[in-house]
Amino acid sequence: MDFGLPTNLGDYFIGPGLEQLIQQLAENDPNRYGTPPTSKSAVEKLSDIKITDETLGSDLSQCAVCTDSFELNGEAKQMPCATSKKMKLQPLNKAHGGGEESTKLKLYSNWRSSCSCRVRIALDLKGLDYEYIGVNLLKGEHKSPEFVKLNPLGYVPVLVDGDIVVSDSFAILLYLEEKYPQNPLLPQDLQKKALNYQAANLVSANMQPHQNLAVIGYIKEKLGPDEMLAWVQHHLRNGFVALEKLLKNNAGKYATGDTPFLADLFLAPQIDVAIKRFDIDMNEFPILSRINESYNEHPAFQAAAPDKQPDAPSEARE
Ligand SMILES: N[C@@H](CCC(=O)N[C@@H](CS)C(=O)NCC(=O)O)C(=O)O
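Residues numbered from 1 in each chain as written. Predicted model: local features only at pLDDT ≥ 70, side-chain atom pairs only at ≥ 80, totals over all residues.

Draft legend 1. Region of interest: the overall build of the chain. Regarding its fold elements, the chain presents 13 helices and 7 strands. Out of the 318 residues belonging to the chain, those deemed buried represent 27%. Counted over contacts in the chain with a minimum sequence separation of 6, partners at least 24 positions apart contribute 63%. (Helix = DSSP H or I, 4+ residues; strand = E, 2+ residues; numbered from the N terminus. Buried ≥ 20, exposed ≤ 12 C-beta atoms within 10 Å, placed from the backbone. Contact = placed C-beta atoms within 7 Å.)

The following block contains the structure:
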């Protein structure tokens with residue numbers, strides 16, 4: 001039967017794995033984030049020149065960046081051309097990336113915060129370099145006037161990407177996913193994607209808030225440390241029971257298959273906190289215990305672990 005396929009299939013890619021192939025090619029592209037903008041300080045250091053008749057008659061008559069023609073007596077910045085090594089010009093009155101400082105991502109994080117850990121894992125999975133800014137929750141730095149300007153709710157994490165400030169780990173992760181699509185945090189399959197949203201939000205809305213510093217501090221003060229522990233354990237177990245059921249037919253090496261996705265970013269720090277801080281026996285939860293082993297072996301999850309963070313006290317480092 002003739003399917004209308006070309007006779008020489010050597011140049012065609014047919015079959016499963018096409019998506020992964022495209023992703024791999026995109027990851028290997030050095031310009032996948034576009035050409036980085038020149039920073040304002042770098043542009044300011046370039047020397048100023050006036051546009052003369054001579055300039056207009058030469059091959060410097062156009063802006064090297066946008067190719068707009070210069071006007072007589074206008075002013076321009078002289079900049080070296082990376083390829084020809086000759087000097088090229090760009091006009092002073094155009095930003096061309098010089099209007100903004102090109103900045104590294106900044107993450108306001110706390111070493112022990114499971115919400116911060118979700119974002120640290122994502123940044124690592126996506127291969128994004130970032131500046132780590134430790135926020136001391138025990139000293140109340142998250143309630144300081146400067147910090148509350150970043151996140152009015154006074155919680156970590158906060159991500160700063162140039163002019164964009166995003167707080168709340170869920171919002172940050174969705175932002176990162178759109179801005180930096182390499183190594184996706186969500187699967188293509190809609191059912192699996194929905195499952196990732198559900199598992200992530202279960203942790204975010206129905207588990208983590210019960211162990212938050214403000215909550216446990218309040219319960220400890222009003223009812224004592226035993227009541228506090230019982231409260232947290234009850235809510236964590238409740239969540240883990242539901243997650244075991246939810247992931248039963250979907251888990252592989254990770255929560256929704258053999259690739260770590262959004263659900264894993266929420267699960268890994270939650271399981272870690274449950275074991276290390278709230279004395280939960282994870283043997284009750286075989287699927288979660290199994291995927292937790294995969295987290296412990298994965299470099300991005302290892303690098304994001306609390307004891308590896310620059311603000312972790314020396315006694316917490318393993
Ligand atoms: N839904 C928020 C919750 C943020 C949150 O609860 N952060 C905790 C650390 S994991 C915090 O800053 N706690 C400070 C406090 O309770 O005072 C998120 O996912 O980012």
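Moving on, there is more to tell.
Draft legend 2. Structural context of the pairing of strand β7 (residues 164-167). Of the pairings in the sheet, the one linking strand β6 (residues 158-161) to β7 comprises 4 bridges and is antiparallel in character. Residue pairing for β7: Val158 is matched across the bridge by Ser167. Where β6 folds back onto β7 in an antiparallel hairpin, the turn is made up of 2 residues, including Gly162, whose phi is positive at roughly 65°. (Pairing = 2+ DSSP bridges.)

Draft legend 3. Main features of the site of the ligand. Around the ligand sit 15 residues in total, of which Ser113, Cys115, Tyr155, Ser169 and Leu213 are the nearest. When residues of the shell around the ligand are traced back to their parent elements, those giving at least two are α4 (114-125), α6 (169-179) and α9 (213-223). Partitioned by chemical class, the residues of the shell around the ligand number 8 nonpolar, 6 polar and 1 charged. (Near = placed C-beta within 6 Å. Nonpolar A, V, L, I, M, F, W, Y, C, P; charged D, E, K, R; others polar.)

Draft legend 4. Focus on the nonpolar core. Counting 53 residues, the largest nonpolar core has Ile121, Ala122, Ala199, Ala263 and Leu267 as its most contacted members. The greatest single-element share of this core, amounting to 9 residues, is contributed by helix α11 (residues 262-276). When residues no more than four places from it in sequence are discounted, the contact partners of Ala263 are Leu195, Asn196, Ala199, Ala200, Ala255 and Thr256. (Core = buried A, V, L, I, M, F, W, Y, C linked by C-beta atoms within 7 Å.)

Draft legend 5. Local environment of the sheet that holds strand β5 (residues 130-134). Spatially, the 4 strands line up as an open sheet ordered β5-β4-β6-β7, and their pairing is mixed. Lying at the two open borders of the sheet, with one neighbouring strand each, are β5 and β7. When strand polarity is set aside, the average angle formed by the axes of neighbouring strands in this sheet is 20°. Pairing analysis gives 5 bridges linking strand β4 (residues 105-109) to β5, with the strands arranged parallel. (Axes fitted to C-alpha atoms, helices over the stretch in contact; angles between N-to-C directions.)

Draft legend 6. Representation of the environment of Pro310 within the structure. Mapped onto the fold, Pro310 is located in the segment after α13 (299-304). It is 7.4 Å that separates the C-alpha atoms of Pro310 and Gly134, two residues lying 176 residues apart in sequence. Apart from residues no more than four positions distant in its own chain, Pro310 is found in contact with Tyr132 and Gly134.

Draft legend 7. Fine view of the pairing of β4. Viewed along the sheet, the connection from β4 through α4 into β5 turns out right-handed. Bridging between β4 and β6 involves 3 bridges; their strand directions are antiparallel. By the bridge assignment, Tyr108 is partnered in β6 with Val158. (Right-handed = clockwise from strand over helix to strand, strands pointing away.)

Draft legend 8. Focus on the packing of α11 against helix α12 (residues 286-297). Across the interface, α11 lies against α12 with an axial gap of 10 Å and an inter-helix angle of 100°. Taken together, the axis directions place α11 and α12 in an arrangement best described as roughly perpendicular. Where α11 abuts α12, its residues Asp264, Leu267, Ala268 and Ile271 lie against Leu288, Ile291, Asn292 and Tyr295. (Parallel < 35°, antiparallel > 145°, perpendicular 65-115°, else oblique.)

Draft legend 9. The arrangement of α6 in detail. Ser169, Ile172, Leu173 and Leu176 are the residues of α6 that are buried. Viewed end-on, α6 has its buried residues packed into an arc of 95°, placing them on one side of the element. Away from its buried face by more than 90 degrees, α6 exposes Ala171 and Glu178. (Arc of directions from axis to C-beta.)

Draft legend 10. Structural view of α12. Its 12 residues place the ends of α12 17 Å apart at the C-alpha level, agreeing with the 16 Å of an ideal helix rising 1.5 Å per residue. Regarding α12, the residues found buried are Ile291, Asn292 and Tyr295. Take α12 and look down its axis: the buried residues cluster within an arc of 115°, on one side only. Of the exposed residues in α12, those oriented more than 90 degrees away from the buried face are Pro286, Glu293 and Glu297. Looking at the buried positions of α12, the neighbouring elements they touch are α11 and α13. (Expected span 1.5 Å × (residues − 1).)

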